[in-house]
Structure formats: structure tokens, C-alpha cells
Amino acid sequence: MGVVQFYTASLIAGLLYAASAASTHANETPSSAGKTIKFSGSQYYPPLEWIDENGSAHGFISDLEREMANVTDHQADIQLMQWNAALQTVLTGDADAVPLIASEQRSAQFDFTQPFFYVAHGIFARNDGPQFTSLDQLANRRVAVARGAYAEDQFVATDYNVELVFARDELNCLEVVTQRLADACVEVATTSRALIERYDLPLQLTSPPFWPQPYAFGVRKGNTELLDLLNSQLAHLVVTGKYQQLSERWASELEWQQPSLLEQVKDLAWLISALLVATLAVASWGWLLRREVQAKTAELSDELKISKNLQQQVAYAATHDDLTGLLNRKAFFDIINNQLPLDAQQRLTIVVVKIANIDSIITTFGYTSAVNTVKHFAQRLQRVQSATHAHFGSGLFGVITSEPLSIALLVEQLATSQDISWNDIEPSPVYGVASLTKSDSEQIDAAELVRHALTALAHARKRRIPFFEYTQRIEPNAERLQLLDEFHKVGCKQFVLHYQQQLSLNSDGRHHIEALIRWQHPSLGLISPNRFIPMLEKSGGIRKVTRWVILEAVKKLVWFQRLGIEVVISVNITSHDLVDDFFVPFVRDDIPESLRDHLIFEVTERELFDNPDKARSAMLELSSMGIRCSVDDFGTGYSTLSYLHDLAVDEVKLDRLFVSQICHNERSFKIVKSTIELAHELGLTVVAEGVEDDATMTKLAELNCDRIQGFLIAKPVPEETLDIVVTRN
């Protein structure tokens, strides 16, 4: 009977080993960049990584990092230390990558490779103390966590009522429990159990695994080159089978077990056989041994159940959002695609919902308040019947249904809630809706359907309305998207400057011209700025364009100086430039002092009011360097001449709307006349735009306007023909 139990125990142990190996093989891996890839990590994290008795980095991850480096002929420099210090080395640039749990909190500072392993946490307590089987039982208890660990982020981000005791590292987290400085330690189950065995600590795992999370390599946010390299190296190891070989080599330790169980069973097996052969007098020993084998077998069975439960939790985590419990984006897309194409009478409606004020909640009330807001809204969204719900992250939700849906009623239902307490923040949701019928379902997939809904959402936010349903007419301008994409690829290489001459009615001995940007596109031809400048302002590319125009104008000024021609060039800048902290230093460093009084920066009147304090400061600094500032399109905005005087403005350009009508519109004439007079009283120069006939020019001369600009004087011309235009004066 003892022999049967022995083989039964061995079979169960074999199943446990197979489950552990299968769990390990399901992971993928990443890599880094440079001749030497510097990895940091924890010195107390066996069997994943630790410092062995020779002071060398050892463990599954350390071996993996060396294999990854070999793929691209790099050297792996592995430095293991206290965990929080390891995180900081990547953020400060002293290390390239660190293996860590990929979490939403850490995504603010790190970018993650594809996951190569999965871990779960557990509660560890003293053998002779309270046994905690769930996180709820830790309420009002002292709980140890390693500084910088995932467990710290989780406790801080949630409302568990515990007193945190911060440990130096994973080993110290367990030690403070043995020293009774904390009631329990919450750490990764596999590594903590290995530490307990290695250092013979009187602790044990008292809870089932929880918080199953992917393990990946983290690089500093934005380091896409290194991230791509790590992912490429990991992919190579998986494809060539080296990752599987490495996993198999470490499989028995990665899914940690008490080694004494099987060894004890084996030892007892021959002892039982010897005792049975020797004498029946010691039959009592057989009974005792059977009991022990049964106990060990039960333990192994429990381990197998825990392992299976962990696999189920990992499978659940792969399809569900950890924060809300709703489906994640991939699972949501799969459900939609599985329903396509639709049947004849079927109709599919998708609603995407964005908590529009989520960023304001984070910056004003903190991350915890934002998390609670997202959780509460997810609970509210689940009340939508006969629908599938998902959370894509960052407060963006999806709902899909084949039932009739009134979006107005949905908005009304979700706008009122009984789950908001006095200290919760009410979300401000915005909705985008898209519908699909059989006629369209054969040409569209989940990604395109969701894009339609997101386009409607963006349109609703732009119009500041609660919801909008997708129609073809709100599709983004394809040409603008094409131009934006090409700008990101070629930068300013296809831009050219045209120049338009101004005429001085009260000659100051200088020629005045304005630099006007054009896009010389290889297939679309010459593109005017009103087709691409607004797009670049929204995308942030305008700062780069402004600098290019200024530097090209400076080159032209140098060319004029060599010819002995006194020229002043006006260049258009935007409010984005004035509020850019690096714009004034750029002007100071890149424009020669001798040329600064030959430049005038023009900014539209409306833009000055976007950030008047910042604009005033920047314009004062520009003025102190000798660069004059001009207000373009004056008269169409909200400013007054006295206010512009406070902004260190040297010049105003009268908008063509008023200038073109001064000969036949009495009101326009009075506006222009009074503006010129008051501007001169304040010491400002006046330039009139849009002069296209002799009568207008004569009238402006009578009003003592300083300079005029328009087709009557000269049209904008390419740089190569500008010499002729200028030298005629």
C-alpha cells in the first residue's frame, strides 16, 4: 500500500512539474541598445535573479539577458542591487533596462517590452502568528513592502486600510516580519518562497496567489530605439528555440516547490519496503509513514490546484482590464470581429466613452481620485443591459450591442448616479457612436468600426457637445494627414521662402520685405501656408518651422549685406513660439547681434491674448536684444494700442479688411486714420496691408502711413527673383 501511495505522489509531482514548465514556456522576451547593454535588477530575487556566493549575477533573468545580448553581438553588463536603486538607475540613465512588473502606474516613467514571464503576489506571515488568507484580512495591520515594489504602488493606489512598513528590499521585507516589526509581507510568491528556504526563515505563504501580472523589461520612457532592440532580441531567442531551452533549464526552480516533499517520499519508500521485509512488528511505522505520504500528497495536490488557479487568473488577466474588471481592448476587438459579417437584419452599435476631465482630476486631486473615478464609472457603465463593456485604459471605454440603443437615453442614464459620495469627483463623459449594418460589415473590421466611433468622439469634444454619431462628412482631411506624415519624415526640406516687398511712404533708407513660407511639394505642387500651418500649430511642429524660416531669413540678410543693400525682413511667428521657453535663447544664440535690428517678428493680434504675461516677457527680452516686434492683422482682435505699448510692440500692420475700404467706406477710413494717429503718438510704426490700387495708396500717404504692402507694390516672389525686385528701388 505504501508503494502505491509513493507512485501516486510521484505522478502528482510530475503533473505539477509539467504545469509549471508549461506556464513558464508561455512567455516571451525583449532587449536593449549599444555595444554594451547595461541591465540593473534586484540582488534578492531568486530564482529570477540574485547575487551568488562569488558576487556574480545569477538566475533565469540574468541568463536570459546574456543570451539576448549575444543575439546582436553586444555585451551584457548586469548590476544587481537594492530594488528601488535598480529602478532609479534606468530613470537617471545609469542603466539601460530593468526587468520588472509592467503596470499602469509604472507606464508613466517606463516603456515595456513584450512580457516574458508572469508572476503573482502572496501574503507571507510567521509560522506561529496569524494566518492571512486575503488582502481584506490585513485591514489595520502592519504590512511590509519593498521600497519601489509593485506591491507599494498597489497599496498606495487602492483603499486598503493598512499601515505600510517600507523595507529595503525583498529579503528585508520578510526579515521585518520575522522580527515582528510587521504582521505580514506582501511580495512575489515564487521569489519570496525561495528566499524563505534559502535563508531558513520561520515564515510561510498563507494566501492563494493574487495580482497576476506580466514581467517584462522596462526602459526609460521614450527610448523606442532600445525598446525595439530588446523586443527584436527576444523574438530571435523565441524563434530559434533558445528561449525554450533556457526556460526548461530553469523550469524546476521558476515554479518553486519545497524540495523536501519528493525527497522525503523517496526516502520513506525504501524505508517502508525494508521495514515490511524485516518484520511485521514495526507495522505501526508503516501506518505513520502512510499518513505522512498522504499529507505530502495532499500538499502537492494543493500546489497543483494553486498552479491551475494561477493559470486561470493569468488567462483572465490576458482578456480583462486589471483596474475595472471589464474586457480589455484586444478581447473587445475579438468579440466584434467574431460577429462580422452581420446577418441580414442585424445591426451593431458601438459607443466609445471618454472621461474628458480625467487629466484634470489627476493634476488637481491626485492619481487615487482618478482611479476611483474610473472604477465608479465602469460600475455605472455595466448597468447598460444586453451589451459588452470594455476599458481601453486612461478613462476610455467601449460598449458594443446588437440591441436598439438610444444614445440620448444612455447619456441621461449615465449622467445620474447614486454611487458618488461627497468626496468623489463626478466624471465628464463624452460619447462617440458608430453603427454597422450587413451592407457595410463585409468591408469593415473591429479596428475600423472603433475608429469611426473615436472620430465621432473627437468631433463631439471639438464642438463641446456630449455625444455625436459618426457620419462620413466628419472624416479627417486626408490631405492634411498626408502632409503631416510627410513633415514628420522630411522636416523642412521641401519648404521654400517667397518674399513680398513693402514700400516706405516716409523713406527710412532701407528696403522692407516680408518672408512668406511655401511648401514645394513633389506631387501636390506649391502649397500655400493656410493649408499646412494650422495643422502644424496643432501638432506642435510649428516651432521647428519658425526656427527654419528665421535662419533662412538670416542667411538672406547676410547675402544682402555682402551686396551693400540695407534690407529689413519681417518674419511671422506664433504665440506657440512666444510661450516656448527655448525660443528667446534660440534667438540669442543663433542670430548674430549685427543682424538683429534688420529683423521684425510679426505675431497676429489674437495670439497675443493666448498668454499675455508670457508674451510680454518674451517680447521685452526680444526688444532688449534689438529685435522689433509687429502686430499682424491689427484691428481684427481685441487689443488696444495702449495695451500693445505695454507689450513692447514697435509696429502695427493694419488688416486688409479695413485698408481695402478706406476710399469708399467712411467708417473704415476713420478707423484707419485714428489708428495711425494714435500709433504715431505712441511712437509706433504703421504698415498697411492689402494695397491694390493707386487711390488707396494716395489716401494712405495723406494719412501719413509709414509703409504699405500689397499687389500694387509687389506680389510675393521666389527667392531667385527677389534680387531684381529689390534692386529696382
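As shown above, the structure is provided for reference.
Just so it is clear, the structure is predicted and the values come from calculations on it, not from any experiment.

Undergrad: What should I look at first to understand the packing of aromatic side chains in this one?
TA: Centre distance and the angle of the planes are the two values used to describe a pair of aromatic rings. Counted under the stated rule, the structure contains 22 aromatic pairs. Between the aromatic rings of Phe 333 and Phe 392, the centroid separation amounts to 6.3 Å while the plane-to-plane angle is 80 degrees, which identifies the pairing as edge-to-face. Within this pair, whereas Phe 333 is found in helix α11 (residues 329–338), its partner Phe 392 is found in strand β15 (residues 388–393), the two being separated by 59 residues in sequence. By relative accessible area, which is 14% here, Phe 333 ends up buried. Joined through ring pairs, the aromatic side chains of Phe 39, Tyr 45, Phe 116, Tyr 215 and Phe 217 make up one cluster. In this structure, Lys 556 is placed above the aromatic ring of Phe 560, and the distance from its NZ or CZ to the ring centre is 5.8 Å.

Undergrad: Sorry if this is basic, but what is going on with helix α17 (residues 478–490) here?
TA: Residues three or four positions apart in an α-helix share a direction because the helix packs 3.6 residues into each turn. Compared with an ideal rise of 1.5 Å per residue, which puts 13 residues at 18 Å, α17 spans 18 Å between its outermost C-alpha atoms and is within 8% of the ideal. Within α17 the residues assigned to the buried category are Leu 483, Leu 484, Glu 486 and Phe 487. Seen end-on, α17 carries its buried residues on one side only, within an arc spanning 165 degrees. Residues of α17 that are exposed and point more than 90 degrees away from the buried face comprise Ala 478, His 488 and Lys 489. Summarising the contacts, the buried residues of α17 are in contact with β19 (495–504), β20 (511–521), β21 (525–527), α18 (533–539) and α19 (542–563). Two residues or fewer past α17, Gly 491 is found with a positive phi of approximately 65 degrees.

Undergrad: Where do I start with the pattern of salt bridges in this structure?
TA: As a working rule, side chains carrying opposite charge can pair if their charged atoms are close by. Overall, the coordinates contain 25 salt bridges when judged by the stated rule. We note a salt bridge from Asp 580 to Arg 547, for which the minimum N-O separation is 3.0 Å. Highlighted residues: Asp 580 in the loop between α20 (575–578) and α21 (583–590) and Arg 547 in helix α19, separated in sequence by 33 residues. Across the pair, exposure class does not vary: Asp 580 and Arg 547 are buried alike. A salt bridge links Glu 651 to Arg 707; its shortest N-O distance comes to 2.7 Å. In this pair, Glu 651 is assigned in strand β25 (residues 651–654) and Arg 707 in strand β27 (residues 707–709), connecting sequence segments 56 residues apart. Assigned by exposure class, Glu 651 and Arg 707 land together as buried.

Undergrad: Please clarify how the environment of Leu 503 should be interpreted in this entry.
TA: Residue placement: Leu 503 occurs in strand β19. C-alpha separation for the pair Leu 503 and Ala 714, spaced 211 residues apart in sequence, amounts to 9.0 Å. Leu 503 has contacts with Met 697, Asp 706, Arg 707, Ile 708 and Ile 713, leaving out every residue within four places of it along the chain.

Undergrad: Even after reading the chapter, I still don't get unusual backbone geometry, so can you show me in this structure?
TA: For residues that are not glycine, phi is negative in most cases, and the peptide bond is trans in most cases. Residue Pro 47 follows Pro 46 across a cis peptide bond; omega there is 0 degrees. Relative to the helices and strands, Pro 47 resides in the loop between β2 (44–45) and β3 (49–51). The linkage connecting Leu 340 with the following residue, Pro 341, adopts the cis geometry, with an omega of -5 degrees. Tracing the sequence through the fold places Pro 341 in the loop between α11 and β14 (347–355). The phi dihedral of Ser 386 falls on the positive side, at around 55 degrees, and the residue is not glycine. Structurally, Ser 386 can be placed in the loop between α13 (367–381) and β15. Phi is positive for Asp 633, which is not a glycine, with a value near 55 degrees. Looking at the element boundaries, Asp 633 is found in strand β24 (residues 628–634).

Undergrad: For this particular structure, what's the right way to read the state of the cysteines?
TA: Here a disulfide denotes a covalent bond joining the sulfur atom of one cysteine to the sulfur atom of another. Tallied over the full model, the rule gives one disulfide. Between the sulfur of Cys 173 and that of Cys 185 lies a disulfide, 2.1 Å long from S to S. On the sign convention where negative is left-handed, the bridge of Cys 173 and Cys 185, at about 115 degrees about the S-S bond, is right-handed. Of this pair, Cys 173 sits in helix α5 (residues 170–178) while Cys 185 sits in strand β11 (residues 184–188); the two residues are 12 residues apart in sequence, bridging distant segments of the chain.

Undergrad: Whenever I open this one, the sheet that holds β15 confuses me. Can you help?
TA: Strand pairing in a sheet takes place through backbone hydrogen bonds and is either antiparallel or parallel in direction. Spatial ordering of the open sheet is given by β15-β16-β14-β17-β18, a layout of five strands whose pairing is mixed. Of all the strands in the sheet, just β15 and β18 (467–469) have a single pairing partner and so form its edges. With direction set aside, neighbouring strand axes in the sheet form an average angle of 20 degrees. With six bridges connecting them, β14 and strand β16 (residues 396–401) associate as antiparallel partners. Looking at the pairing, Ile 350 lines up with Ile 400 of β16. This element, α13, spans β14, β15, β16 and β17 (429–437) of the sheet and lies at about 10 degrees to β16.

How each quantity is defined
- Residues numbered from 1 in each chain as written.
- Predicted model: local features only at pLDDT ≥ 70, side-chain atom pairs only at ≥ 80, totals over all residues.
- Heavy atoms only, no water.
- Phe/Tyr/Trp six-rings, centres within 6.5 Å; stacked < 30°, edge-to-face > 60°.
- Helix = DSSP H or I, 4+ residues; strand = E, 2+ residues; numbered from the N terminus.
- Buried < 20%, exposed > 50% of the residue type's maximum accessible area, 1.4 Å probe, protein only.
- Lys NZ or Arg CZ within 6 Å of the ring centre and 35° of its normal.
- Expected span 1.5 Å × (residues − 1).
- Arc of directions from axis to C-beta.
- Contact = heavy atoms within 4.5 Å.
- Salt bridge = Lys/Arg side-chain N within 4 Å of Asp/Glu carboxyl O.
- Disulfide = S-S within 2.5 Å.
- Pairing = 2+ DSSP bridges.
- Axes fitted to C-alpha atoms, helices over the stretch in contact; angles between N-to-C directions.

These results come straight from atomic positions and should not be treated as a statement about function.
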